[in-house]
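Remarks on the overall topology
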Amino acid sequence: MIDSITAGGKLEAPVLQRIFWAIDQGMIAIALLYGGGEAALTSLQSGSVSTGLPFTFVLIVMCFSLFLGLRRIYKAREWLFDELEKY
């Protein structure tokens, strides 16, 4: 994700840039784990869960709106077919 952001929103970031960010993130994780041991691993796990939790609510809202939109389209389609059968 960070490659796309730093590449100006391009979905296909340059290969060297992707390699840089992969190595960079890996080195940061290794440094944190090496410096903090077991406590650092727990902190990393807690951080990832707390970062991902808000996205869960966003996804739930998106699923609900998708459901409402699909239901609305289905009802409009039924109405259209009913109107076409009259002719």
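Numbers given to residues run from 1 along each chain, matching the order in which its sequence is written. A pLDDT threshold of at least 70 governs which residues receive local features in this predicted model, and a stricter bar of 80 or more applies before side-chain atom pairs are shown or counted, although totals over entire chains, interfaces and linings include all residues. Side-chain numbers here rest on the full set of heavy atoms in the structure, without hydrogens or water.

A word on the overall build of the protein
Put simply, DSSP H or I for four residues or longer makes a helix, DSSP E for two residues or longer makes a strand, and each gets a number counted from the N terminus. Along the protein, the regular secondary structure elements total three helices and zero strands. Starting at the N terminus and ending at the C terminus, the protein contains elements arranged as α-α-α. Exposure was quantified through the Shrake-Rupley algorithm and a 1.4 Å probe, taking into account, for residues, occlusion by the shown protein chains and nothing else. With an accessible surface of roughly 7,700 Å², the protein has 72% of that area assigned to carbon and sulfur atoms.

Describing helix H2 (residues 15–36)
Multiply 1.5 Å by the residue count of a helix minus one, and that product is the helix's expected span. Helix length check: H2 (22 residues) gives 32 Å between terminal C-alpha atoms against 32 Å at 1.5 Å per residue, within 8%. Downstream of H2 by a residue or two, Gly37 has a phi angle that is positive, lying close to 65°.

Quick notes on the packing of aromatic side chains
Think of it this way: a Phe, Tyr or Trp ring, Trp meaning its six-membered ring, pairs with another when their centres are within 6.5 Å, and the plane angle makes it stacked under 30 degrees, edge-to-face over 60, tilted otherwise. In this structure the tally under the stated criterion is one aromatic pair. Taken together, a centroid distance of 5.1 Å and an interplanar angle of 70° make the contact between Phe20 and Trp21 edge-to-face. On the basis of relative accessibility, which here comes to 18%, the residue Trp21 falls in the buried class. Three labels apply to residues, based on accessible area from a 1.4 Å probe with only protein chains included: buried if under 20% of the type maximum, exposed if over 50%, partly exposed otherwise in between.

Let's talk about the pattern of salt bridges
Salt-bridge detection follows one rule: a side-chain nitrogen of Lys or Arg within 4 Å of a carboxyl oxygen of Asp or Glu. Evaluation of the coordinates by the stated rule reveals one salt bridge. We note a salt bridge from Glu83 to Lys86, for which the minimum N-O separation is 3.2 Å. Here Glu83 falls in the partly exposed class, since its relative accessible area comes to 24%. A relative accessible area of 61% means that Lys86 is categorised as exposed.

Considering the packing of H2 against helix H3 (residues 38–85)
The angle between the axes and the distance between the axes are what describe a pair of packed helices. For helices, the axis comes from a line fit to the C-alpha atoms of the stretch in contact; other axes are also lines fit to C-alpha atoms, and the angle between any two N-to-C directions lies between 0 and 180 degrees. The contact between H2 and H3 brings their axes to 6 Å, and the two run at 135°. Our classification of the angle between H2 and H3 gives oblique. Of the residues in H3, those touching H2 at Leu32, Leu33 and Gly36 are Glu38, Ala39, Ala40, Leu41 and Leu44. Under the convention adopted here, Pro, Cys and the residues Ala, Val, Leu, Ile, Met, Phe, Trp and Tyr are nonpolar, Asp, Glu, Lys and Arg are charged, and Gly plus all remaining residues are polar. Taken together, the residues of the contact of H2 with H3 sort by class into six nonpolar, one polar and one charged. When describing relative orientation, an angle under 35 degrees is termed roughly parallel and one over 145 degrees roughly antiparallel, while 65 to 115 degrees is termed roughly perpendicular and anything else oblique. By definition, residues are in contact when any of their heavy atoms lie within 4.5 Å.

Structural notes on a nonpolar patch on the surface
Here a patch means residues that are over 30% exposed by relative accessible area and free of salt bridges, tied together within 9 Å if like-charged and within 5 Å if nonpolar (Val, Leu, Ile, Met, Phe, Trp, Tyr). On the surface, Val15, Leu16, Ile19, Ile23, Met27, Ile30 and Tyr34 cluster together into a nonpolar patch covering about 830 Å² of accessible area. As for its placement among the helices and strands, Ile19 is situated in helix H2.

These figures capture arrangement, not role.
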